[in-house]
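# Close look at the chain arrangement
Each chain, letter by letter, is given below.
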Amino acid sequence: MNTLEKSRARRDRAEGVSRGKMPRYGKNGSARSRWRIIPMTLGFLIILIGLCIAAVHIPALLYRDEQVSGQTAYTIRPDETGVRNLLEYVRDHPGDDFDSDGLINSEETAYGTDPRNPDSDGDGVSDYAEIYLYNTRPVEKDSQLESVMAERLDALGIRYSDPWKVHDVVLWADDLSSRSRGTLIPTLRGYRFTSFSGWTQFPGTVYAYRMQDGCHIPLEYREAENAWRVDAADQDVEVILYAEKLPAARLLTAFGSRYFMEDGTVSAILDLVLPEAHSFLTCREIVLQDLEDLEIYATVTGTEMPDTDRTDLSRFGECTNEFSSLTDVYSSVLSGRPVPVSLQSPSGGEVLCLVYGFTEYGDLLIADSAGKTTDASGNPWMLEIIERAAITIDQNGEIRQREYFDFEGLGFSSARGDKIHFIPAE
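Presented here is an overview of the structure given in this document. Keep in mind that this is a model prediction, so the values were computed, not measured.

All right, on to the sheet that holds strand 7 (residues 196-201) then. Reading across from one edge, 3-4-7-11-10 is the order of the 5 strands in this open sheet, with antiparallel pairing throughout. Of all strands in the sheet, those with a lone pairing partner are strand 3 (164-166) and strand 10 (221-222), marking the two edges. Here strand 3 runs beside strand 4 (residues 169-173); their pairing, made up of 3 bridges, is antiparallel. Paired with Lys165 across the strands is Val170, a residue of strand 4.

Grouped together as the largest cluster of nonpolar side chains are 26 residues, with contacts concentrated most on Leu343, Val355, Leu364, Ile366, Phe407, Ile420 and Phe422. Per element, the largest residue contribution to this core is 5 residues, and it comes from helix 9 (residues 323-334). Discounting residues that sit within four places of it in the chain, Ile420 has contacts with Glu318, Cys319, Thr320, Asn321, Val341, Ser342, Leu343, Leu383, Phe405 and Phe407.

Take a probe with the size of a water molecule and roll it over the atoms, and the empty space left behind shows itself. Volume-wise, the second largest pocket comes out at about 270 Å³. Around the second largest pocket, the lining comprises 18 residues; the ones closest to its centre are Asp99, Ser100, Pro118, Glu322 and Arg402. Among the elements of the structure, strand 20 (382-393) and strand 21 (399-409) are those that each provide at least two residues to the lining of the second largest pocket. Of the residues assigned to the lining of the second largest pocket, the class counts are 4 nonpolar, 5 polar and 9 charged.

Let's shift gears to the pairing of strand 6 (residues 190-194). For strand 6, a buried count of 5 out of 5 residues is recorded, marking the element as mostly surrounded by other parts of the structure. Pairing of strand 5 (residues 183-186) with strand 6 involves 4 bridges; the strand directions are antiparallel. For Pro186, the partnering residue across the bridge sits in strand 6 and is Tyr191. Linking two consecutive strands that pair antiparallel, namely strand 5 and strand 6, is a turn of 3 residues. With 4 bridges connecting them, strand 6 and strand 12 (residues 237-242) associate as antiparallel partners. Paired with Arg192 across the bridge in strand 12 is Glu238.

Another aspect to go through is the side chain of Glu387. Along the chain, Glu387 turns up in strand 20. Classification of Glu387 as buried rests on a relative accessible area of 4%. Setting aside chain neighbours within four positions, we find Glu387 in contact with Ile185, Pro186, Thr187, Leu188, Arg192, Phe323, Tyr361, Tyr404 and Phe405.

The subject of this paragraph is the packing of aromatic side chains. Summed over all chains, the structure comprises 12 aromatic pairs. Ring centres of Trp164 and Phe196 lie 6.2 Å apart, and the angle between their planes is 75 degrees; this geometry places the pair in the edge-to-face category. Of the two residues, Trp164 is situated in strand 3 and Phe196 in strand 7; the sequence distance between them amounts to 32 residues. Here Phe196 falls in the buried class, since its relative accessible area comes to 0%. Each member of the aromatic cluster is reached from another via a ring pair, and the members are Trp164, Tyr191, Phe193, Phe196 and Phe202. One cation-aromatic arrangement involves Arg179 over Trp164; the distance from NZ or CZ to the ring centre is 4.1 Å. If you follow Arg402 out to its NZ or CZ, it ends over the ring of Tyr404, 4.3 Å from the centre.

Strands sit in the order 14-13-15 across an open sheet of 3 strands; the sheet is antiparallel. Looking along the sheet, the strands with just one partner apiece sit at the ends: strand 14 (257-261) and strand 15 (281-287). On average, each strand axis in the sheet is inclined to that of its neighbour by 25 degrees, with strand direction left out of account. As paired strands, strand 13 (residues 248-254) and strand 15 are joined by 7 bridges and run antiparallel to one another. Note that in strand 15 the partner of Arg250 across the bridge is Glu285. In the packing of helix 8 (residues 265-273) onto the sheet, contacts are made with strand 13, strand 14 and strand 15, and the angle to strand 15 comes to roughly 115 degrees.

The rules we used
Residue positions within a chain follow its written sequence, with the count starting from 1. With the structure being a predicted model, the display of local features is reserved for residues of pLDDT at least 70 and the display and counting of side-chain atom pairs for 80 or more, all residues being used for whole-chain, interface and lining totals. Neither water nor hydrogens contribute to the side-chain values; these are computed over all heavy atoms in the structure. Whether two strands pair comes down to DSSP finding at least two bridges between them. Helix numbers and strand numbers start at the N terminus; a helix is a DSSP run of H or I with at least 4 residues, a strand a run of E with at least 2. Only buried residues count toward a nonpolar core, which is a set of Ala, Val, Leu, Ile, Met, Phe, Trp, Tyr and Cys residues joined through side-chain atoms within 4.5 Å. For every residue, the accessible area (1.4 Å probe, protein chains only) is compared with the maximum for its type, and the residue is labelled buried under 20%, exposed over 50%, or partly exposed between those bounds. Note on contacts: a residue pair qualifies if any of its non-hydrogen atoms lie within 4.5 Å across the two residues. Points on a 1 Å grid, built from protein atoms alone, make a cavity when a 1.4 Å probe fits but cannot get out and make a pocket when they are open with protein on both sides within 12 Å along at least 5 of 7 lines; residues with an atom within 4 Å of a point are the lining residues. Grid points are joined across faces, edges and corners, and a volume is the space filled by probe spheres set on the points. In this classification, the charged set is Asp, Glu, Lys and Arg, the nonpolar set is Ala, Val, Leu, Ile, Met, Phe, Trp, Tyr, Cys and Pro, and all remaining amino acids, among them Gly, are polar. Any two of the Phe, Tyr and Trp rings considered here, Trp counted by its six-membered ring, make a pair once their centres fall within 6.5 Å; the pair's planes then place it as stacked at under 30 degrees, edge-to-face at over 60, or tilted in between. Lysine NZ or arginine CZ positioned within 6 Å of the ring centre and within 35 degrees of the ring normal marks a charge as sitting over the ring. Only C-alpha atoms enter the line fits that serve as axes; for helices the fit covers just the stretch in contact. Angles between N-to-C directions range over 0 to 180 degrees.

Next up, the structure:
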């Protein structure tokens, strides 16, 4: 720096003036700076990365699972006279109460409710309570259960987030709906949760997985509270418990090809960034057991049909889908005694068949009246069993848990209104 420049610098400091480099101007008069090149390049890079992530996630977001309502063809041809028997038996027994909800059959017919279902609209309030206690419509869902639960919790000084226990499992609900409707029922492998979103604590030290499309998905875990996260607000979730953590790896799929990756930084990042399914590029944790072709074990007994009185039409009066009836069937098979069963469709008729066994998952193995147990391909005839639990207000205004089961198979489905009745052997 020469003498003149030093003099100007001293003068500027004395006057409080700060002089920087003169900027270079472009043709349009705006200042040119090489530092703008880096933000522009970085911006393009961010946009490019965002487009790539969007391209990977959009297929997963747009994916819609087409729900199939079950079989439409009957595996065993039903007796069409069962349709008439179903209708006539209700008509001929107007003073009976088939579903024990407090309404006799003639009242069920008058109000348009199901005489074999205590809660026809499935909103958690029994048909009797809707009509006689709350003056609501028993064939239209409403939020009466939440209102009643909120009032009773307030009266007891309890918040919906306070813990409560069902079948020795401690529950913490996320909201009032989960506190009012959320519950669970034991299965042969763990528990099935219904209408519940929140945290759970299982008895003992266990590792919890939810089942999705036949795969084990580990639940989120909070070690401090020994609690597992369950999200079953919109659909039932079956949780399987194990004494030890199942061996797992990360599965990367790229355009139909599969690659297994050990736990590490790269696999963890891919698992975080990529969708789990329904895209051309996915990454998720997978339990190695799900890759094995495991044999399903079953408990079976004989297939000879016990003597039953087919002229006794009382089987059309009661739908024995209570959970206790199912456990009685398991006990009977374990004792070596098959159980006659009547499957009834309001539109198709009736099939009389035999439960001669059950799988380790609780599904029922079925034989026809001639002792046949498989279809033409050698696949066993089976009724898939789904354990259910529901909170309901009964005819006395009490809030209690109703435990039952749904079934699917042989062309019959409880979701379509079909009924099941286990027939006591003579």
